[in-house]
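# Report on the structure
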Amino acid sequence: MRIDAVTIFPEYFAALDISLLGKAQENKVIEFNAIDLRNYTQDKHRTVDDSPYGGGAGMLMKPEPWGEALDELLNPDGSTVLIVPSPAGELFKQATAQDLSTKEHIVFACGRYEGIDQRVFDWAKDKAEVRLISLGDYVLNGGEVAAMAMIEAIARLIPGVIGNADSLVEESHSSGLLEYPSYTKPAVWRDLEVPEVLRGGNHAEIATWRQEQSVSRTKAVRPDLLP
Ligand code: JDH
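Quick look at the structure, then. Keep in mind the model is a prediction, meaning the values are calculated, not measured.

Let us look at the pattern of salt bridges. All chains considered together, the criterion is met by eleven salt bridges. Where arginine 131 meets glutamate 90, a salt bridge forms, and the shortest distance between an N and an O atom there is 3.1 Å. Of this pair, arginine 131 sits in strand β7 (residues 129-134) while glutamate 90 sits in strand β5 (residues 80-91); the two residues are 41 residues apart in sequence, bridging distant segments of the chain. Owing to a relative accessible area of 13%, arginine 131 belongs among the buried residues under this scheme. Residue classification places glutamate 90 among the partly exposed residues on the basis of a relative accessible area of 35%. The salt bridge involving glutamate 144 is made with arginine 112; its shortest N-O contact spans 2.9 Å. Here glutamate 144 is found in helix α5 (residues 144-155), whereas its partner arginine 112 is found in the loop between β6 (105-109) and α4 (119-124), with 32 residues between them in sequence.

It is worth spelling out unusual backbone geometry at this point. In the segment running from lysine 185 into proline 186, the intervening peptide bond is cis, with an omega of 5°. Secondary-structure assignment places proline 186 in the loop between α6 (165-172) and β8 (188-189). Although it is not a glycine, tyrosine 113 adopts a positive phi angle of roughly 55°. Since its relative accessible area comes to 35%, tyrosine 113 is described here as partly exposed. We note that aspartate 191 has phi near 70°; this positive angle belongs to a residue other than glycine. Among the secondary structure elements, aspartate 191 is positioned in the loop between β8 and β9 (192-193). Assessed through its relative accessible area of 75%, aspartate 191 is described here as exposed.

A word on the site of the ligand. The ligand sits among 19 residues. The nearest are Pro85, Tyr113, Gly136, Tyr138 and Leu140. Here a nitrogen atom of the ligand sits 3.3 Å away from a polar atom, N or O, in the main chain of serine 86. Isoleucine 133 is positioned such that a nitrogen or oxygen atom in its backbone is 3.4 Å from a nitrogen atom of the ligand. Protein burial of the ligand: of its 670 Å² of free accessible surface, 72% is covered by the chains. Taken atom by atom, the bulk of the ligand overlaps the second largest pocket. Mapped by element, the contributors of at least two residues to the shell around the ligand are β5 and β7. It is β5 that contributes the most residues to the shell around the ligand, three residues altogether. Each residue belonging to the shell around the ligand can be placed in one class, and the counts come to nine nonpolar, eight polar and two charged.

Basis of the calculations
Residues numbered from 1 in each chain as written. Predicted model: local features only at pLDDT ≥ 70, side-chain atom pairs only at ≥ 80, totals over all residues. Heavy atoms only, no water. Salt bridge = Lys/Arg side-chain N within 4 Å of Asp/Glu carboxyl O. Helix = DSSP H or I, 4+ residues; strand = E, 2+ residues; numbered from the N terminus. Buried < 20%, exposed > 50% of the residue type's maximum accessible area, 1.4 Å probe, protein only. Near = heavy atom within 4 Å. Polar contact = N/O pair within 3.5 Å; in protein donor to acceptor, adjacent residues only side chain to side chain. Areas by Shrake-Rupley, 256 points an atom, 1.4 Å probe, with all protein chains shown as cover. 1 Å grid on protein atoms, 1.4 Å probe; cavity = no way out; pocket = protein on both sides within 12 Å on 5 of 7 lines; lining within 4 Å. Sits in = over half its atoms within 2 Å of the grid points. Nonpolar A, V, L, I, M, F, W, Y, C, P; charged D, E, K, R; others polar.

This is how it looks when you write it as structure tokens:
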């Protein structure tokens with residue numbers, strides 16, 4: 001899979017060279033490029049913003065640099081998925097990550113200011129699958145942090161990115177409930193004991209205990225996840 005991110009802050013994406021995603025890039029399992037939108041401007045000041053038609057506070061990203069960048073980046077056969085992080089998008093879910101993890105080429109259009117001129121997406125609709133996606137119901141300063149989170153969630157589902165494939169198998173069998181609490185050694189730490197049941201080695205009892213913990217936790221903090 002190839003992932004491109006168009007942004008005025010390519011430095012944000014340096015973190016993708018670390019850890020599992022860094023290894024996956026070295027192993028050519030994924031290719032990642034951060035592309036500076038200002039390289040596609042024509043004026044001496046490398047301007048990417050302008051005031052909005054109709055008035056309102058703040059600035060918008062002007063369409064021309066986006067057009068020049070996307071002319072270069074979108075596959076001519078229409079196989080690219082263009083993802084636009086946006087507070088007005090559909091909510092990003094694990095199912096979204098699963099769907100996107102099967103794509104050959106994804107381009108993230110990372111806006112700043114109050115977002116990007118609508119015509120960029122209206123124009124791109126004929127050249128790519130365009131999806132406005134929101135990381136969650138809160139306001140960020142731009143698309144970069146949202147794109148980073150989405151990239152991590154997508155990339156870790158690609159075969160060969162996660163060292164321990166069993167982790168993904170276990171995840172895919174997970175119930176949609178919150179996780180149960182987990183413990184490692186030592187058995188007693190600062191007077192706090194690991195629950196007896198986990199030290200007993202009765203696997204049926206452990207499974208029942210974990211299930212009960214998942215249900216009670218979900219009831220308490222995420223009742224919307226319960227059937
Ligand atoms: C991309 C610019 C900043 C700030 C206007 C929005 C009133 C619009 N989950 C998510 N939250 N935020 C983003 C995100 C934010 C972005 C860009 C993604 C590009 N910004 C911005 C203010 C507004 N404002 C809220 N309304 C209630 C109007 C954009 C995001 C994602 N993914």
